[in-house]
Amino acid sequence: MMRTVSIFGATGSVGRSTIDLIARNPDDFRILALAGNNDVDGLAQMARDVGAQVAVTANPANYGALKAALVGSGVEAAAGEQALVDAAQMGADWTMASIVGCAGLKPTMAALKAGRTVALANKESLVSAGGLMMDAARRSGATLLPVDSEHNAIFQCLAGSNLDDVARITLTASGGPFRTCTRAEMAAMTPAQAVAHPNWSMGAKISVDSATMMNKGLELIEAAHLFPVGLDRIEILVHPQSVIHSMVEYRDRSTLAQLGSPDMRIPIAHALAWPQRMATPCQPLDLARIGRLDFEAPDEERFPALRLARAAAAQGGATPAVMNAANEVAVAAFLNGAIGFLDIAMIVEDVLNRYNAPVPTAIDDILAADAQARAMAGHVMERLTA
Ligand code: NAD
Ligand code: MG
């Protein structure tokens, strides 16, 4: 049966992996909206290739260029925040939320409020506004399918089980490119070294988050919203090979794990075909070749982001949104060469210590806390680099 699909963050790593799977099954899917930001030519080319109904750039300044690049294609061009929200409300059968950062919050909320099926890769929106997003999904009857490989693994291991039967969820972590580094070694690491992930090929922001292990901190908060078993029942385990994507232990002490090659097309395909399965071109898992699987406890001393995220999760309210916003600013500054690697977590901690945002009751409260935290992170950085 033909299904309609929209992709927000279509030009990124997850977006392109999603398009790859869809292009292999052209009779099964029809593309409604594709949304991106500044890669206008990439967006226009993709929209032409798949025959999208509309292409949206988040940045209004790109409208003219996008329109020009789509002349004669039959693809409609649109731009700006409201155009993103309108596209999310178009009524696609399946929506991929793969914008990076809190910028994905409004379109993702719009799709959830419209009761759609949303495949969620954009963890920052759930970290920032998890309570409100989960409420919106419950109220509208929307289906939220986790795409983050760990959360997709947990979703598969749960297979609809009663959460009361879950003793523990274990989020596995590769440990990132600096897993074995000392703090002194980390201090000298460049953006190029930080984005060179040992197992996964991903966008720059999440790659830096993997290096600081803030990615796992964000994923802890993401898991607590998606699978509300209580924070004390979610633990992190470093597993350098990234073969086991996460595990669920039940109260009878039976543990289920999901395994696979480190290729995002596997969890994306799971969400795309759900509740069925589809074939992928991904490598089969060859455990004889891999030979061994290693595990170690996470180190919160060398990776303070883990400690900050657990504390922010426990505090709740707008604190995770504040942490996320400060992290987004600090990661962008690190990627621009303005600050050092260890400054990232330091800036996040500084902002968390200074700013206690009011408890949010609406998305606008989250966006206000996000904006305030960004401004504070900017001030902290000015002092640091002065
Ligand atoms: P990416 O940087 O490769 O792509 C980001 C996408 O978001 C691009 O299409 C870009 O145009 C769009 N975008 C950026 N800023 C925007 C803005 N202000 N408004 C609208 N769109 C904007 O990132 P990615 O690696 O594909 O990651 C996307 C999301 O998926 C992130 O939240 C990330 O944490 C999550 N995720 C990614 C992976 C992965 O393997 N890449 C795995 C798990 C989760
Ligand atoms: Mg992940």
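Residues numbered from 1 in each chain as written. Chains lettered and ligands numbered in written order. Predicted model: local features only at pLDDT ≥ 70, side-chain atom pairs only at ≥ 80, totals over all residues. Heavy atoms only, no water.

**Student:** What exactly am I supposed to notice about the overall build of the protein here?
**Tutor:** The number of helices and strands found in the protein is 17 helices and eleven strands. In terms of overall dimensions, the protein is globule-like: its C-alpha atoms have a radius of gyration of 20 Å, near the 21 Å expected for 386 residues. Relative to its 386 residues, the protein shows a buried fraction of 55%. Residue pairs at least 24 apart in sequence account for 67% of intrachain contacts in the protein once pairs closer than 6 positions are excluded. (Helix = DSSP H or I, 4+ residues; strand = E, 2+ residues; numbered from the N terminus. Rg over C-alpha atoms; globule rule 2.2 N^0.38 Å. Buried < 20%, exposed > 50% of the residue type's maximum accessible area, 1.4 Å probe, protein only. Contact = heavy atoms within 4.5 Å.)

**Student:** Any chance you could explain the packing of helix H15 (residues 319-335) against helix H16 (residues 343-354) here in plain terms?
**Tutor:** H16 packs onto H15 with a crossing angle of 145° between their chain directions and a minimal axis gap of 9 Å. Like other packed secondary-structure pairs, H15 and H16 cross with a definite hand, here right-handed. Where H15 abuts H16, its residues Thr 319, Val 322, Met 323, Ala 326, Asn 327, Ala 330, Val 331 and Phe 334 lie against Ile 344, Ile 347, Val 348, Val 351 and Leu 352. Residue composition of the contact of H15 with H16, grouped by class: eleven nonpolar, two polar and no charged. (Axes fitted to C-alpha atoms, helices over the stretch in contact; angles between N-to-C directions. Left-handed = near helix turned anticlockwise from the far one by under 90°. Nonpolar A, V, L, I, M, F, W, Y, C, P; charged D, E, K, R; others polar.)

**Student:** What is the right way to look at the coordination of the magnesium ion (ligand 2) in this model?
**Tutor:** Octahedral metals with six donors have ideal donor angles of 90 or 180 degrees. Tetrahedral metals with four donors have an ideal donor angle of 109.5 degrees. Surrounding the magnesium ion (ligand 2) are the protein donor atoms Asp 148 (OD), Glu 150 (OE) and Glu 219 (OE), at 2.1 to 2.2 Å. Sequence positions of the donors to the magnesium ion (ligand 2) reduce to the motif D-x1-E-x68-E. Here Asp 148, found in the loop between strand S7 (143-146) and helix H7 (149-158), pairs with Glu 219, found in helix H11 (residues 214-226); they are 71 residues apart in sequence, far enough to count as distant. Note on accessibility: Asp 148 and Glu 219 belong to one class, buried. (Donors = N, O, S within 2.8 Å, 3.2 Å for Na, K, Ca; no water.)

**Student:** How do you make sense of unusual backbone geometry when you look at a structure like this?
**Tutor:** Trans is the common state for peptide bonds, and a negative phi is the common state for residues other than glycine. The omega angle of the peptide bond from Trp 274 to Pro 275 is 5°, so this bond is cis rather than trans. Positionally, Pro 275 belongs in the loop between helix H12 (265-273) and helix H13 (287-290). Even without a glycine there, the phi angle at Ser 242 is positive, about 50°. The topology assignment puts Ser 242 in the loop between strand S9 (234-238) and strand S10 (244-250). Positioned with a positive phi, Arg 253 is a non-glycine residue whose angle comes to about 75°. As for its placement among the helices and strands, Arg 253 is situated in the loop between S10 and strand S11 (255-259).

**Student:** Explain the sheet that holds S7 to me, please; I cannot follow it from the model alone.
**Tutor:** Within a sheet, each strand pairs with its neighbour through backbone hydrogen bonds, oriented either parallel or antiparallel. Spatial ordering of the open sheet is given by S4-S3-S2-S1-S5-S6-S7, a layout of seven strands whose pairing is parallel. At either end of the open sheet lies a strand with only one pairing partner, and these are strand S4 (76-79) and S7. Geometrically, the sheet is characterised by an average inter-axis angle of 20° between neighbouring strands, direction not taken into account. Of the strand pairs in this sheet, strand S1 (residues 3-8) and strand S2 (residues 29-36) are connected by five bridges, and their pairing is parallel. Each residue of the ladder has a partner; that of Arg 3, found in S2, is Phe 29. The strands touched by helix H1 (residues 13-23) within the sheet are S1, S2 and strand S5 (94-97), with S1 carrying the most contacts at an inclination of about 160°. (Pairing = 2+ DSSP bridges.)

**Student:** Would you take a moment to explain the site of ligand 1 for this structure?
**Tutor:** Ligand 1 sits among 22 residues. The nearest are Thr 11, Ser 13, Val 14, Glu 124 and Gly 203. One of the side-chain N or O atoms of Glu 124 is found 2.6 Å from an oxygen atom in ligand 1. The protein chains hide 86% of the 820 Å² of surface that ligand 1 would expose on its own. At the level of secondary structure, the elements contributing two or more residues to the shell around ligand 1 comprise H1 and helix H6 (123-140). The residue makeup of the shell around ligand 1, split by class, is ten nonpolar, nine polar and three charged. Per-domain counts for the shell around ligand 1 show at least three residues from each of domain 1 (3-146) and domain 2 (148-301). (Near = heavy atom within 4 Å. Polar contact = N/O pair within 3.5 Å; in protein donor to acceptor, adjacent residues only side chain to side chain. Areas by Shrake-Rupley, 256 points an atom, 1.4 Å probe, with all protein chains shown as cover. Domains from an automatic or database assignment.)

**Student:** Looking at this structure, how should I read the packing of helix H5 (residues 105-113) against helix H17 (residues 363-385)?
**Tutor:** In a pair of packed helices, the angle between the axes and the distance between the axes together describe the arrangement. Contact pair H5 / H17: the axes reach a minimum separation of 12 Å and the direction vectors enclose 165°. In terms of their interaxial angle, H5 and H17 are classed as roughly antiparallel. In this structure, H5 meets H17 at a crossing whose hand is right-handed. Of the residues in H17, those in contact with Leu 105, Lys 106 and Met 109 of H5 are Ile 363, Ile 366 and Leu 367. Split by residue class, the contact of H5 with H17 holds five nonpolar, no polar and one charged. (Parallel < 35°, antiparallel > 145°, perpendicular 65-115°, else oblique.)

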